Amino acid sequence: MDNKKAVKTKPQQQENEKTRQLSSSFSDASGASMTTNHGVKINDDQNSLKAGERGATLLEDFILREKITHFDHERIPERIVHARGSAAHGVFKVYEDMSDLTRAAFLCDPGAETPVFVRFSTVAGSRGSTDLARDVRGFAVKFYTQEGNFDLVGNNMPVFFIQDAVKFPDLIHAVKPEPDNEMPQAASAHDTFWDFISQMPESAHMVMWAMSDRALPRSYRMMEGFGVHTFRFVNAKGVANFVKFHWKPLLGVHAVAWDEAQNISGKDPDFHRRDLWDAIEAGAFPEWELGVQIVSEEDEFKFDFDILDPTKLIPEELVPVQRIGKMTLNRNPDNFFAETEQVAFHVGHVVPGIDFTNDPLLQGRLFSYTDTQLIRLGGPNFHEIPINRSVAPVHNNQRDGYMRQTINRGKTSYGPNAIAANDPQQVSEAEGGFVSYNERIDAKKIRARSRSFFDHFSQASLFFNSQSEPEKNHIVDALSFELGKVKMVDIRERMLAVLVQIDTDLANKVAAALGLSIPEIPLEALNNSIPADGDREAYASTNPKSTLEKSAALSMADTIKDSIKTRKIAILAANGVDEVSLSAVKDSLVAEGAVVHIIAPMLGEIKSTGKKTMAVDESFLTAASVLYDAVYIPGGSDAINVLLDEPNAIHFINEAFKHCKAIAAHQEAMPVLEATYFAKQLPKDKDTKAALAAGLLVSGDAKSTSETFTKMIAMHRFWNREKPRKVPA
Ligand code: HDE
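Rules of the game
Residues numbered from 1 in each chain as written. Predicted model: local features only at pLDDT ≥ 70, side-chain atom pairs only at ≥ 80, totals over all residues. Heavy atoms only, no water. Helix = DSSP H or I, 4+ residues; strand = E, 2+ residues; numbered from the N terminus. Rg over C-alpha atoms; globule rule 2.2 N^0.38 Å. Buried < 20%, exposed > 50% of the residue type's maximum accessible area, 1.4 Å probe, protein only. Areas by Shrake-Rupley, 256 points an atom, 1.4 Å probe, with all protein chains shown as cover. Arc of directions from axis to C-beta. Contact = heavy atoms within 4.5 Å. Donors = N, O, S within 2.8 Å, 3.2 Å for Na, K, Ca; no water. Near = heavy atom within 4 Å. Polar contact = N/O pair within 3.5 Å; in protein donor to acceptor, adjacent residues only side chain to side chain. Nonpolar A, V, L, I, M, F, W, Y, C, P; charged D, E, K, R; others polar. Core = buried A, V, L, I, M, F, W, Y, C linked by side-chain atoms within 4.5 Å. Phe/Tyr/Trp six-rings, centres within 6.5 Å; stacked < 30°, edge-to-face > 60°. Lys NZ or Arg CZ within 6 Å of the ring centre and 35° of its normal. Pairing = 2+ DSSP bridges.

Colleague: Tell me about the overall build of the chain, and name the residues and values.
Modeller: Scanning the chain from terminus to terminus reveals 21 helices and 18 strands. Relative to the compact-globule value of 27 Å for 729 residues, the chain shows a C-alpha radius of gyration of 29 Å, a close match. Taken along the three principal axes of its C-alpha coordinates, the chain extends 90 × 80 × 60 Å. Burial statistics for the chain: of 729 residues in total, 52% are counted as buried. Working note: accessible area of the chain is about 33,800 Å², and carbon and sulfur atoms make up 52% of it.

This is the structure:
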């Protein structure tokens, strides 16, 4: 590893114990000679070795052969699921000693700072697919604790499509591009997915989440995360409690509109990746609080659902989420492949104090994650890849295999041994040895599913009932779109029969959009996921009502809306812009932590009325409304005339309106607003209240514009605009 001293760490990004460990693997070529992989200095990297200037290339050219061979092997198989991802380094700190609940050391010492590496991902798309696909997002956290790695491999939705791991390959085959023509990429809107789903009523709850705005995050930084399964906390006395893990983003939970998502996919398929990278580069470090819901063993059966069923959540009204610590992502990776691509998460990586339950989906995952790395990362030594290495020392009698990095010394690789005095030694529980929770098991060996897993619809209904009106409309639209893309009518119809079990109004609206009526399919005929000798009646969904009517935590409507930090604001300007109305608003937004771009017809610079030159960040060609959270149009009659003549400027504002974003304008810019399709909807009243209700503000006063506009941006979206459903842009 040459040139260790020359390694540059970005000034605002943070170091931790894991970074220091990684630094022994850093390589930086500044000032270094080019060499082959066996360290020989290269004299000519421009020409291959030939028999004469115009002659054939010689096989002898070891430099050429080495370079091309390495290149030929530069790709590894992409992950079968979660192939597309982005990651960052950070730290986690627990707020208070949690030793009453768990002996996990990193959760017992508020002074300890645990390094983490977090990878966010989509599920269905390939590595090169768009970030904005309608999909579940992976939220995988590797804690490098002093007791070994703990991987919390979760999603941004708290439940899953299936109850038993044995159905996972079927689910993924159904959602991936269809095998005959490999279409569509990164989309569930096709026949095979809905063919499968419509026969698997256990997926109903998760389908509601996947069709909701949760599947279209504004940013990875604005997503919740969930461990999904029920895990166990075990304390030093051996007392266990059930635990559900949550990540709560301090920026709130926000989404984009579906039309916007589709546009972003074209304008910037790396939207989420760029957003995460840029925020960290700018020092706006994303933060989440770790939450836990604790259920005692005595309460295991007190709910009207089974806590081992991964298609169920525990409503926060029944068991509140305690926030026990904070995670901050504060450093971008140095190398995408070495870190983000090669990181290997494993739901089975737990530390003493954290243990599993018998959730049958979790149990299957415990096998899968090592198995997949064996082929993806080329053998059993993937734990030695720097990003996967534990910061706690690793010693055991495992040896050899492809790409072994460790040079084990000595003669013994077995135990017991006398030659090395039985090293490495086993460790007592008191000194931190892992001991599995002593769960009592007394059962028959059986392939079956517990009756307590057969309530498929009550939490799907609870989720739908808990949504605000706009969120409900978005679910109706999403289902109408997805099922509209399904070609086989009987699949659409069967899905309507599933939806009617969740909510009649929802099913009726989707049916209307599809031009179909809802078939009457009895519950026992809805479930086609039954064994060959299975009793259809016994496998029918039970249909109880949830004891809760609504759960506020399931809706995004009331999420945190008090900050515009890292929000992207477009200022549309041209030569002749009024400098005061531009700079005052810009400065105030920047002071609040927003990212402000001046967008003009051409790149380069514009001149204000006061002849001040200002740099243009983007032109109408390179920017797009969908890449911003809000728009401001300053005054200056010359600039306004230019914008009026620029169809892309009007389109920009129309699109921002269509996607329900905050729009503010100086009163001199009124002609531009009058050229939009929403001119008639401009609020008659010019006061703050009207502006906050409509998300539209026209004012001549820069100070009050800044104040009101900031509040409007923090509100994220003005979904009430969707009501008239007029489609411009
Ligand atoms: Fe995964 N999953 N999964 N999964 N999963 C993988 O592991 C699997 C499940 C999740 O950023 C794979 O290293 C099975 C639930 C995330 O690298 C693979 C089952 C949840 C990631 C795999 C599930 C997840 C993965 C592919 C059903 C939410 C990305 C590459 C029994 C709680 C991690 C890899 C990263 C990745 C198998 C179900 C989350 C094949 C068999 C439920 C976030 O091992």
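Having put the structure on the table, let's press on.
Colleague: Describe helix 17 (residues 637-644), and please don't skip the residues or the numbers.
Modeller: Along helix 17, the residues that are buried comprise A639, I640 and L643. The arc enclosing the buried residues of helix 17, seen along the axis, measures out at 100°, which places them on a common side. Buried positions along helix 17 lie against strand 11 (568-572), strand 16 (630-633), helix 18 (647-658) and helix 19 (670-674).

Colleague: Can you tell me about the coordination of the iron atom of the ligand, naming the residues and giving the values?
Modeller: Of all protein atoms, just one serves as a donor to the iron atom of the ligand, and that atom is Y369 (OH), at 1.9 Å. Counting through the fold element by element, Y369 comes out in helix 9 (residues 360-376).

Colleague: Describe in detail the site of the ligand, supporting the description with residues and values.
Modeller: Among the 23 residues in the neighbourhood of the ligand, the closest are listed as R79, R119, R365, Y369 and Q373. Interatomic distance of 3.1 Å between a side-chain N/O atom of S368 and an oxygen atom of the ligand. A distance of 2.7 Å is found between a nitrogen atom of the ligand and a side-chain nitrogen or oxygen belonging to Y369. Those elements giving two or more residues to the shell around the ligand turn out to be strand 3 (137-145), strand 4 (148-155) and helix 9. Broken down by element, the residue count for the shell around the ligand peaks at six residues, all from helix 9. Here the residues of the shell around the ligand are counted per class, giving eleven nonpolar, nine polar and three charged.

Colleague: Break down the side chain of N332 for me, citing the residues and quoting the values.
Modeller: Counting through the fold element by element, N332 comes out in the loop between strand 9 (322-331) and helix 8 (336-341). Among the polar contacts listed, one links the side chain of N332 to the backbone oxygen of W277, at a separation of 3.0 Å. A polar atom in the side chain of N332 sits 2.9 Å from the side chain of E281.

Colleague: Please give an account of the nonpolar core that cites residues and values.
Modeller: Soluble, globular proteins show a tendency: their nonpolar side chains are buried together. Counting 57 residues, the largest nonpolar core has F161, W194, M208, L479, L499 and L506 as its most contacted members. Among the elements of the structure, helix 3 (168-175), helix 4 (191-197), helix 5 (204-210), helix 10 (458-465), helix 11 (469-485), helix 12 (489-502) and helix 13 (504-514) are those that each provide at least two residues to this core. Apart from the residues within four sequence positions on either side, L499 is in contact with M208, L479, L483, L506, A507 and V510. The next biggest cluster of nonpolar side chains, apart from the first, holds 53 residues, and it includes L101, L107, A140 and V141.

Colleague: Just give me the short version of helix 13, but keep the residues and values in it.
Modeller: Those residues of helix 13 that sit buried are L506, A507, V510, A511 and L514. What you see down the axis of helix 13 is that its buried residues fit within an arc of 130°, all on one side. The exposed set on the far side of helix 13, more than 90 degrees from its buried face, consists of A512 and A513. If you follow the buried residues of helix 13, they end up packed against helix 5, helix 10, helix 11 and helix 12.

Colleague: Tell me about the packing of aromatic side chains, and name the residues and values.
Modeller: If you walk through the whole model with that rule in mind, you get 30 aromatic pairs. Considering the side-chain rings of F106 and F150, the 6.0 Å spacing of their centres and the 45° angle between planes classify their relative orientation as tilted. With a gap of 44 residues between them, F106 in the loop between strand 1 (85-94) and strand 2 (114-122) and F150 in strand 4 connect regions that are remote in the sequence. F150 shares its class with F106; the two are buried. Geometrically, the ring pair formed by F193 and W194 is edge-to-face, given 5.1 Å between the ring centres and 85° between the ring planes. Under the relative-accessibility criterion, F193 is labelled buried at 4%. Feature note: the residues F92, F106, F120, F139, F143, F150, Y220, F231, F233, F245, W247 and W288 constitute an aromatic cluster, connected by ring pairs. The aromatic ring of W258 is capped on one face by R134, whose charged end is 5.1 Å from the ring centroid. Taking the ring centre of F464 as reference, the NZ or CZ of K472 above it sits at 5.3 Å.

Colleague: Break down the pairing of strand 6 (residues 231-234) for me, citing the residues and quoting the values.
Modeller: Here strand 6 shows two buried faces, one formed by F231 and F233 and the other by R232 and V234. Two strands pair when backbone bridges link them, and strand 6 and strand 7 (residues 240-249) are joined in this way by four bridges, in the antiparallel orientation. The residue bridging R232 from the neighbouring strand is F242, located in strand 7. A loop of five residues connects strand 6 with strand 7, the two strands running antiparallel in sequence, and G238 in this loop sits at a positive phi of about 85°. Pairing geometry for strand 6 and strand 10 (residues 354-355), over two bridges, is antiparallel. Counterpart to R232 in the pairing with strand 10 is D355.

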